[in-house]
Amino acid sequence: MKIVIIGSGNVATHLAIALKEVGLHVAQVWSYHYTNAVQLAHLVNAQPIAKLDEVDPQAALCLIAVKDDAVAGIAEQLAGFKGLVAHTCGAVPMDVFAGKFSSYGVFYPLQTFSKSKTLNFADIPLCLEANSEASMQLLKQVAVKLSKRVLEVGSDKRKILHLAAVFACNFTNHLYALGEQLLEANGLEFDILRPLINETAAKVQHASPLAVQTGPAIRNDEQTLKAHQELLVQHPHLLAIYRTLSESIKKTKS
């Protein structure tokens, strides 16, 4: 089975490497920047291509791993490809491919990716959707080689899943960044928070996040809440976030 990777970013890189590691054949890699295609293709012994019309017509699967807003444009340029086309996005509906291909779907890995961080792909949930049973079987044939957890998830539920992931991952990481800025502005290092972050993440592996919520808002420690807000008076952006999250915690008590 020849597989073509469209993209060279975080998701494309991890996916291409994982496919090679399980013995699947990544035949070609395309990127907006040809030098990036060359670099990724070199890692997986594939052919870098500079133009989308160079995609091998004999390839069985074309995986589009680009930013959400670019999927539709890529699909237009690939229209007529005879194999299965799938994107890796959480928030883009499958019907972005409707009318362009006879076989299409979604191959969404639910994880945060950075090129510099090695991941065990076997632990990453793969959420699949396809326009036909034959397309789904081909996606599953690839997915089960990569992951121990393969699920069929329709576009509507995948959007909710992606939204929940933004809250749980992207927003949480942003809060880490804000905490780091507060510390550094006051001569403290972010390292002091790492044990706390690790313990918080460990708790929710075995319990509902709501059940293990701690802090002044859940305890209604009004004096502490007031003191914190006074410290943020000169930082209205942070003060607004603090108030919003504190009120949200109060309203979602178990």
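Our subject is the structure that appears above.
Computed from a predicted model, the values in this text were never measured in an experiment.

Trainee: Break down the overall build of the protein chain for me, citing the residues and quoting the values.
Mentor: The helix and strand tally for the protein chain stands at nine helices and eight strands. Projecting the C-alpha coordinates of the protein chain onto the three principal axes gives extents of approximately 70 × 35 × 30 Å. Taken across its 254 residues, the protein chain has 38% of its residues classed as buried. A sequence separation of at least 24 residues applies to 51% of the contacts in the protein chain between residues at least 6 apart. Per element, the accessible surface of the protein chain, about 14600 Å² overall, is 54% carbon and sulfur. In the protein chain, 23 positive and 22 negative side-chain charges are present, and the distance between their average locations comes to 3 Å.

Trainee: Tell me about the sheet that holds strand β2 (residues 25-30), residues and numbers included.
Mentor: Strand order in the open sheet formed by eight strands is β3-β2-β1-β4-β5-β6-β7-β8, with mixed pairing between adjacent strands. A strand with exactly one partner marks an edge of an open sheet, and here the two such strands are β3 (47-49) and β8 (150-152). Direction aside, the axes of adjacent strands within the sheet are offset by 25° on average. Taken together, the five bridges between strand β1 (residues 2-6) and β2 define a ladder with parallel strand orientation. Among the inter-strand pairings, K2 is bridged to a residue of β2, identified as H25. Here helix α3 (residues 71-78) sits on the sheet in contact with β1, β2, β4 (61-64) and β5 (84-87), set at roughly 150° to β4. This element, helix α4 (residues 133-146), spans β4, β5, β6 (104-109), β7 (126-130) and β8 of the sheet and lies at about 165° to β7.

Rules used in this analysis
Residues numbered from 1 in each chain as written. Predicted model: local features only at pLDDT ≥ 70, side-chain atom pairs only at ≥ 80, totals over all residues. Heavy atoms only, no water. Helix = DSSP H or I, 4+ residues; strand = E, 2+ residues; numbered from the N terminus. Buried < 20%, exposed > 50% of the residue type's maximum accessible area, 1.4 Å probe, protein only. Contact = heavy atoms within 4.5 Å. Areas by Shrake-Rupley, 256 points an atom, 1.4 Å probe, with all protein chains shown as cover. Lys, Arg positive; Asp, Glu negative; His and termini not counted. Charge placed at Lys NZ, Arg CZ, Asp CG, Glu CD. Pairing = 2+ DSSP bridges. Axes fitted to C-alpha atoms, helices over the stretch in contact; angles between N-to-C directions.

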